[in-house]
Amino acid sequence: MKQKNSSRSGKLLILMLLFILPACTASSELTDDTILLPPDILPGESPARFVEKSFLMEQIQQLASDAMMGRGTGQKGSRRALEYLEQYYTSDSFSGFESLPVIRQSFELEGVFWDAASYDIYSLSVDTVYLSRSKLEKGGTADFFPLQGGTRAHDAPVVFAGDGLIDVSDQDLQSVRSTLQHAWVMVFEPDPDGNGSRSAKVQKMVTEFGATGVIFIPDRDAESWEKKSKKMSRQLERPTIVRRPGGRPATTGGSLGASVSVHPYMAARILDLDNPAQLDSLRHYWRSNTSTTIAHDTGFRFASTPVMNTRLFEEDNLITIIPGNHPELSREMVVLSAHYDHMGLGEPDDNYDIVYSGADDNASGTAVLMQIARAFHKAAGDGYYPSRTLVFLHAAAEEWGLYGARYFVENPLFPDHEIVVNVNVDMVGSVDDSYSGRQDSSYIHVIGAGLVSTMLDDLLQMANDATVDLILDEVYNDTGHYLQLYRRSDHWAFALKNIPFVFFFSGLHEHYHRPSDTHEKIAASLLAARTELITELVWYLAEVKERPESDRRQFGRARAPAR
């Protein structure tokens, strides 16, 4: 696909600058001695000294705010994040680099999107009699709104099961399954004081009893429900499938089973109550009744029918460079990558939050790249310019299949330059379960590095020794690891081209891919320490005379857990 006009002109400008800048900037001279680092890389002169915790947290707070709408691929939030990054790199804060080039590298994807969802409640006697026919569109309301799933059509009888707390030990399992199987199970919304979660109830009904899905009766008045319904309709903006045009779909998984919330008035009519107020009495009865729930058929059927469309849309990698100024090394590039996209607006959690903020995943990595660019800019004020060219790749559409990074690698912007190493930063702001509560929690997970390149591993060790002395945990640094993290972020696009890489990662946690991944949960001091380490490593990679080579591709080799 062709680049936008602005991208083409930006590309030409960059190529010109890469030839011009070596003659007009100053840098430390590299010696011909066969040593690992030039002798004038001295302690205290590293750009890492400019890392600021407050700056990192400010960027994460902005990128993970509700205004960014979760930065979802194919959604408005992705555009907003892109514009925020572009504004940052073209702002006065980079005035020292008057020619700091910024490129939008555009590429096309294909997505399957919601248009609307139709919901029918009807009975079958002699003729079909509709109790309700409604259609939910973005920004509107209907008698139902989706909670989980719902991207496939479902038409099944409605069975009422009270609070949904079915103890099969007191009943014949086959009898319970015959009632609930292939049915929409209508239950009261979980008690906020500890009656389980919606997703747990859906999973139980679907996996244990073979239900089609769950209809939740809300614990709120009609007016509040209608306001919530309008907000929940915004989730219809999300794609359900994203792929390359005409390609096989890559998905982020999906919910097990389907569930919806029903308007209180409609719930009362389905249950043959006189008014919604009687729902409170019925709810109290089921929550105080210690006897086993016995489900019964309501006499109605519920049809949930999604209205989907397939369309092409455009995403953009945001790329900026700090040109190298060494006559030879400037044609070699160190590519720093971090994806700026996340899950966008999605299925609501138990608090009815539909904004997947993505503070750790990956506002944290995005902020690290912004900070490193800022640090090297400040170092330029002291007369230092990198010998190799530094490329900052803010990749799009990582969550759906590493599409942005793959496009970058497969469509080089600088054909006369060579990528010598990739430094990928994805989720570096948290403390995972294996380190939570430990005294020695100053760590970072490292993937790649020593598994692919002896020299890259040595440089990482030197950078760590010179700065923050973190635990470099390699528990995931194994292509045989069951989580397969070796292949699950943007570095993999570079690995497939045999380009040495190191992937920095702080581990999985309970907020991963949930709306609760918010900026308040970021470990700010630890994030700053990790950023210092990464900045130091980038400095070494920019200056070291010899380039890292892929000389240790012993994939699957057992690794020491940490060092």
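Before reading further, recall that the structure is shown in the block above.
Thresholds applied
Every chain is numbered independently, its residues counted from 1 as its sequence is written. The predicted origin of the model limits local features to residues at a pLDDT of at least 70 and limits the giving and counting of side-chain atom pairs to 80 or more, whereas totals for whole chains, interfaces and linings rest on all residues. Derived side-chain values reflect all non-hydrogen atoms in the structure, with water molecules and hydrogen atoms excluded from consideration. Working definition: helices are DSSP H or I runs of at least four residues, strands are E runs of at least two. Numbering for both runs from the N terminus. Relative accessibility under 20% of the residue-type maximum defines a buried residue, over 50% an exposed one, and the middle range a partly exposed one, all with a 1.4 Å probe and only protein chains included. Within 6.5 Å between ring centres, the rings of Phe, Tyr and Trp (the latter by its six-membered ring) count as paired, and their orientation is classed by plane angle as stacked under 30 degrees, edge-to-face over 60, tilted in between. We call a set of buried residues a nonpolar core when its members are Ala, Val, Leu, Ile, Met, Phe, Trp, Tyr or Cys and they connect through side-chain atoms within 4.5 Å of each other. Contacts are residue-level and defined by heavy atoms, with any inter-residue pair within 4.5 Å sufficient. Orientation is described by axes fitted as lines to C-alpha atoms, over the contacting stretch for helices, and by angles from 0 to 180 degrees between their N-to-C directions. An angle below 35 degrees is read as roughly parallel, one above 145 as roughly antiparallel, one from 65 to 115 as roughly perpendicular, and any other as oblique. Ten residue types, Ala, Val, Leu, Ile, Met, Phe, Trp, Tyr, Cys and Pro, are classed as nonpolar, four, Asp, Glu, Lys and Arg, as charged, and the remainder, Gly among them, as polar. Criterion used throughout: strands pair if DSSP finds at least two bridges between them.

(A) Region of the structure containing unusual backbone geometry. In this structure, the amide linkage connecting D361 to the following residue, N362, adopts the cis form with an omega of 0°. The residue M69 is not glycine, and still its phi comes out positive at about 55°. Its place among the elements puts M69 in the loop between α2 (53-63) and α3 (76-89). A relative accessible area of 7% means that M69 is categorised as buried.

(B) Broad picture of the packing of aromatic side chains. One pass over the full model with this rule turns up 22 aromatic pairs. A ring pair is formed by Y119 and F144, whose centres lie 5.6 Å apart and whose planes are at 50°; its orientation type is tilted. Of the two residues, Y119 sits in strand β1 (residues 102-124) while F144 sits in strand β3 (residues 144-148), which places them 25 residues apart along the sequence. Exposure class is identical for Y119 and F144. Each is buried.

(C) Local environment of the nonpolar core. The biggest cluster of nonpolar side chains holds 84 residues, and the ones touching the most others in it are Y89, F392, L460, V502 and F504. In terms of residues, this core owes the most to one element, helix α13 (residues 524-543), which gives 12 residues. The contacts of V502, once residues within four sequence positions are left out, are N422, V423, N424, V446, I447, A449, L456, L460 and L537. By size, the runner-up hydrophobic cluster in this structure holds 53 residues, among which are A142, A161, A258 and A295.

(D) Geometry of the packing of α3 against helix α9 (residues 359-380). One can describe the packing of α3 onto α9 by two numbers: an axis separation of 11 Å at closest approach and a directional angle of 10°. Relative to α9, α3 is oriented roughly parallel. Across from Y84, L85, Y88 and Y89 in α3, the residues of α9 making contact are T366, L369, M370, A373 and R374. Here the residues of the contact of α3 with α9 are counted per class, giving seven nonpolar, one polar and one charged.

(E) Representation of the pairing of strand β17 (residues 501-505) within the structure. Taking burial as the measure, the five residues of β17 include five buried ones, the bulk of the element. In this structure, strand β14 (residues 418-425) lies alongside β17, joined through four bridges in parallel fashion. Its bridge partner being in β17, V425 is matched across the sheet by F504.

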